[in-house]
There are 4 protein chains.
Amino acid sequence: MTVHRLRLRVRYGETDQMGYAHHSVHLLWFEEGRTGLMRDLGRPYSVLERQGTLLPVVEAGLRYLAPALYEEEVEVESRVSDVTGVRVRFDYRVLRLDGTPVAEGHTVLASCGADGRPKRMPADLAAVLRSAMEGPPPVVQGRQPGEPPGGRNSP
Amino acid sequence: MTVHRLRLRVRYGETDQMGYAHHSVHLLWFEEGRTGLMRDLGRPYSVLERQGTLLPVVEAGLRYLAPALYEEEVEVESRVSDVTGVRVRFDYRVLRLDGTPVAEGHTVLASCGADGRPKRMPADLAAVLRSAMEGPPPVVQGRQPGEPPGGRNSP
Amino acid sequence: MTVHRLRLRVRYGETDQMGYAHHSVHLLWFEEGRTGLMRDLGRPYSVLERQGTLLPVVEAGLRYLAPALYEEEVEVESRVSDVTGVRVRFDYRVLRLDGTPVAEGHTVLASCGADGRPKRMPADLAAVLRSAMEGPPPVVQGRQPGEPPGGRNSP
Amino acid sequence: MTVHRLRLRVRYGETDQMGYAHHSVHLLWFEEGRTGLMRDLGRPYSVLERQGTLLPVVEAGLRYLAPALYEEEVEVESRVSDVTGVRVRFDYRVLRLDGTPVAEGHTVLASCGADGRPKRMPADLAAVLRSAMEGPPPVVQGRQPGEPPGGRNSP
């Protein structure tokens, strides 16, 4: 599975009077992570829009686990977690640099035409998103054909 | 059940290049509705904070059903849907003025002290939130003692 | 001169960790005031855009005089202060309800076509904006027909 | 003069329906640049606040020269341009990576105590800001004492 990692620093204007990054800001961070992942996959969102595919968010869920504080650096992990012909789901984690989880969540995006009406996702886009979702080959149990005795997982 | 209704107009700066109110903005609308409800209940959030009770959002969920467009007026309905000693859940609906649903969602807030650590909600706050959650008396089946024949719902 | 008055309440998410409405938010308030004024003038910005006139902001200036605090209500005064064939300037004041000035500022907007390139403002739009800028009839010197001796400005 | 350069990418949520980064966002970019400069100077804003010095923005000015578009990378240049005992002014430029100017502006910040009331800036903070403002030694005309014939700028 392809995981996109985005490092960002909490802006002063993103905090609220509680001294935390406001809970709406995480959706902007997810978005920056998600669109960074799509850029890495060769499908920048700005190009998709020019080609007539909009991907509005139709569902979002967030759990806030620890506050993100002003000037703190955090890492946003984004990955594709489901793809159908008309929707794609991304999952996210926000972590402090020491690994403390700050938030986790997901968004579901619907494929639409330039007129905002639902349309099937272009086949190549769906294929690229699916490839990003697929995991690495499973860890192999036992010796494989052509593999030297002892195997690659041996000490 | 107490339902708070907030009328607001989509700001230009709340739109994105898709021409829709950006999906993070709904959390600000929910927040304005929720804090309006608490003000109506005699527990303004600004006073709670001065008294040492913070209510950070620990969970949020949103479904986007129709775009909200610039300059359009929408109504945000907010209600309390669950209260425990340490948490309160609010449910929301955003509607166009013709009743078309724009979004629905919920947030869960955790009771914390001024130091940001969890603490039980003040008893009177919990009581007020519970009273806002309680529904009207259930619709009564059958004739009640002292009720005239034909029942109260008869023409 | 037409003055548009907009009452609004500082949102929690608009504050920063200093406990003040963040200084970028005032531009959103100015914008909501300005577009409210244009709507009152019969020229809603959403209609202008559909007719092919964009009015991007090309200059802004702000002085912050007192903090606006969470849950506080403020009033935004907006007025047209200059109109040329290609630009319009708006001046703003933000006041607490007791009259304390919170901020004052201005923005200059440039008339552009749908392609984002400068174009002269539609004549009727410029005329409407000019009419909004014109002051009330000047204070009249001397006694007017039908006015009682002593005049309305006499002590 | 110390110039802080910050590279950032326009977020989708920062655009408005005109397809440009909304004009309020530049103040957030200025802020991220300014606080980055202060961090580079060894005076992170988060530490200043904990030590009881707030620096609220009391004045801002912006000129928007070209739109910043979604997914585009821009560079924010920040520099200190004036320091008095109670105020500091920063000047900014936002540039596309090809050097096209996107915006320029300034902000003035006032030194305040934790209670939000004006107080003189800590002497070491003012000194550091002044050092950041001072230019490099002027380009020298003519041969200097002890400088070899041909001068340091000769080919």
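We now turn to the structure provided with this report. Please read these numbers as outputs of a predicted model, since none were measured by experiment.

### Side note on the relation of the copies chain D and chain C
One copy of the chain maps onto the other through a rotation about an axis followed by a shift along the same axis. Note on the identical chains: chain D maps onto chain C by a rotation of 180° and an axial translation of 0.0 Å, with an RMSD of 0.0 Å. As the rotation angle and translation indicate, the two copies are arranged about a two-fold axis. Scanning chain D for the C-alpha nearest the rotation axis identifies G61 of chain D, at a separation of 2.2 Å. Interface overlap between copies: 100% of the residues of chain D at the interface are likewise at the interface in chain C, consistent with a symmetric, same-surface contact.

### What about the side chain of R34 of chain B?
Its place among the elements puts R34 of chain B in helix α1 (residues 25-40). R34 of chain B gets classed as buried once you look at its relative accessible area, which sits at 4%. Once residues lying within four places of it in the same chain are set aside, the contact partners of R34 of chain B are H23 of chain A together with V57, S78, F90, Y92, T107 and L109 of chain B.

### Regarding the relation of the copies chain B and chain A
When chain B is brought onto chain A, the operation consists of a screw motion whose angular component is 180° and whose axial shift is 0.0 Å, with 0.0 Å RMSD remaining. The residues that chain B uses at the interface reappear at the interface of chain A in 100% of cases, marking a shared surface.

### Concerning empty space enclosed by the protein
Any empty space left between atoms is shown by rolling a water-sized probe over those atoms. Counted according to the given criterion, the structure contains five cavities of 30 Å³ or more. Taken together, 30 residues line the largest cavity, and the ones lying closest to its centre are L28 of chain A, L28 of chain B, L28 of chain C together with S24 and L28 of chain D. Elements with a minimum of two residues in the lining of the largest cavity: α1 (25-40) of chain A, α1 of chain B, α1 (25-40) of chain C together with α1 (25-40) of chain D. Classifying every residue of the lining of the largest cavity by side-chain character gives eight nonpolar, 14 polar and eight charged.

### Overview of the interface of chain D and chain C
Counting residues at the interface gives 24 residues for chain D and 24 residues for chain C. The largest per-residue losses of area from chain D upon contact with chain C belong to M18, H23 and Y64 of chain D, which jointly make up 26% of the total buried on that side. In this assembly, chain D and chain C are joined by zero salt bridges. Along the contact surface separating chain D from chain C lie eight residue pairs in polar contact (both at pLDDT 80 or more). Only α1, α2 (45-50) and β2 (57-64) of chain D provide two or more residues apiece to the side of chain D that touches chain C.

### Let's talk about the sheet that holds strand β4 (residues 87-96) of chain B
One open sheet accounts for ten strands, arranged β1(A)-β3(A)-β4(A)-β5(A)-β2(A)-β2(B)-β5(B)-β4(B)-β3(B)-β1(B); its pairing is antiparallel. Because the sheet does not close on itself, it has two edges, and the strands there are β1 (4-9) of chain A together with β1 (4-9) of chain B. Adjacent strand axes in the sheet meet at a mean angle of 20°, parallel and antiparallel pairs treated alike. By the bridge criterion, nine bridges tie strand β4 (residues 87-96) of chain A to strand β5 (residues 101-110) of chain A in an arrangement that is antiparallel. Its bridge partner being in β5 of chain A, L95 of chain A is matched across the sheet by P101 of chain A. Helix α3 (residues 123-133) of chain B contacts β3 (73-83) and β4 of chain B of the sheet and is inclined by roughly 115° relative to β3 of chain B.

### With respect to the interface of chain B and chain A
Between chain B and chain A, the contact holds 24 residues from the first and 24 residues from the second. Both sides of the chain B and chain A interface together cover about 2,000 Å² of buried area, and 60% of this is carbon and sulfur. For the interface between chain B and chain A, the tally reads zero salt bridges. For the interface between chain B and chain A, the tally reads eight residue pairs in polar contact (both at pLDDT 80 or more). Elements with a contribution of two residues or more to the side of chain B that touches chain A: α1, α2 (45-50) and β2 (57-64) of chain B. No other element matches the eight residues that β2 of chain B contributes to the side of chain B that touches chain A. Pairing analysis gives five bridges linking strand β2 (residues 57-64) of chain A to β2 of chain B, with the strands arranged antiparallel. In the strand pairing of β2 of chain B, G61 of chain A is matched with G61 of chain B.

### Re unusual backbone geometry
Residue and element names in this part refer to chain B. Phi angles above zero are rare outside glycine, and E71 is one such case at about 75°. Along the polypeptide, E71 turns up in the loop between β2 and β3. We classify E71 as buried; its relative accessible area is 7%.

### What to know about the packing of aromatic side chains
As enumerated under the stated definition, the model contains 18 aromatic pairs over all chains in all. Between Y12 of chain A and Y70 of chain A the ring centres are 5.0 Å apart and the planes differ by 80°, which places this aromatic pair in the edge-to-face class. Of this pair, Y12 of chain A sits in the loop between β1 and α1 while Y70 of chain A sits in the loop between β2 and β3 (73-83), placing them 58 residues apart in sequence. Across the pair, exposure class does not vary: Y12 of chain A and Y70 of chain A are buried alike. Their ring planes at 80° and their centres at 5.3 Å tell us that Y45 of chain B and Y12 of chain C sit as a pair that is edge-to-face. Here the residue Y45 of chain B occupies a position in helix α2, and Y12 of chain C occupies one in the loop between β1 (4-9) and α1, the pair thus bridging two chains. Residue classification places Y45 of chain B among the buried residues on the basis of a relative accessible area of 4%. On the accessibility criterion, Y12 of chain C (3% relative accessible area) is buried. Each residue in the set Y12 and Y70 of chain A together with Y45 of chain D is aromatic and connected to the rest through ring pairs, giving one cluster.

### Focus: helix α3 (residues 123-133) of chain A
Residues and elements named next belong to chain A. Those residues of α3 not exposed but buried are L125, A126, V128, L129 and A132. Burial along α3 is one-sided: seen end-on, the buried residues are contained in an arc of 165°. Structurally, α3 contributes buried residues whose contacts are with α1, α2 (45-50), β3 and β4.

Here is what the cut-offs are and how they apply
- Residues numbered from 1 in each chain as written.
- Chains lettered and ligands numbered in written order.
- Predicted model: local features only at pLDDT ≥ 70, side-chain atom pairs only at ≥ 80, totals over all residues.
- Heavy atoms only, no water.
- Least-squares fit on C-alpha atoms with pLDDT ≥ 70 in both.
- Contact = heavy atoms within 4.5 Å.
- Helix = DSSP H or I, 4+ residues; strand = E, 2+ residues; numbered from the N terminus.
- Buried < 20%, exposed > 50% of the residue type's maximum accessible area, 1.4 Å probe, protein only.
- 1 Å grid on protein atoms, 1.4 Å probe; cavity = no way out; pocket = protein on both sides within 12 Å on 5 of 7 lines; lining within 4 Å.
- Points joined across faces, edges and corners; volume = space filled by probe spheres on them.
- Nonpolar A, V, L, I, M, F, W, Y, C, P; charged D, E, K, R; others polar.
- Buried area = accessible area lost by both parts, 1.4 Å probe.
- Salt bridge = Lys/Arg side-chain N within 4 Å of Asp/Glu carboxyl O.
- Polar contact = N/O pair within 3.5 Å; in protein donor to acceptor, adjacent residues only side chain to side chain.
- Pairing = 2+ DSSP bridges.
- Axes fitted to C-alpha atoms, helices over the stretch in contact; angles between N-to-C directions.
- Phe/Tyr/Trp six-rings, centres within 6.5 Å; stacked < 30°, edge-to-face > 60°.
- Arc of directions from axis to C-beta.

Geometric values such as these leave the question of function open.
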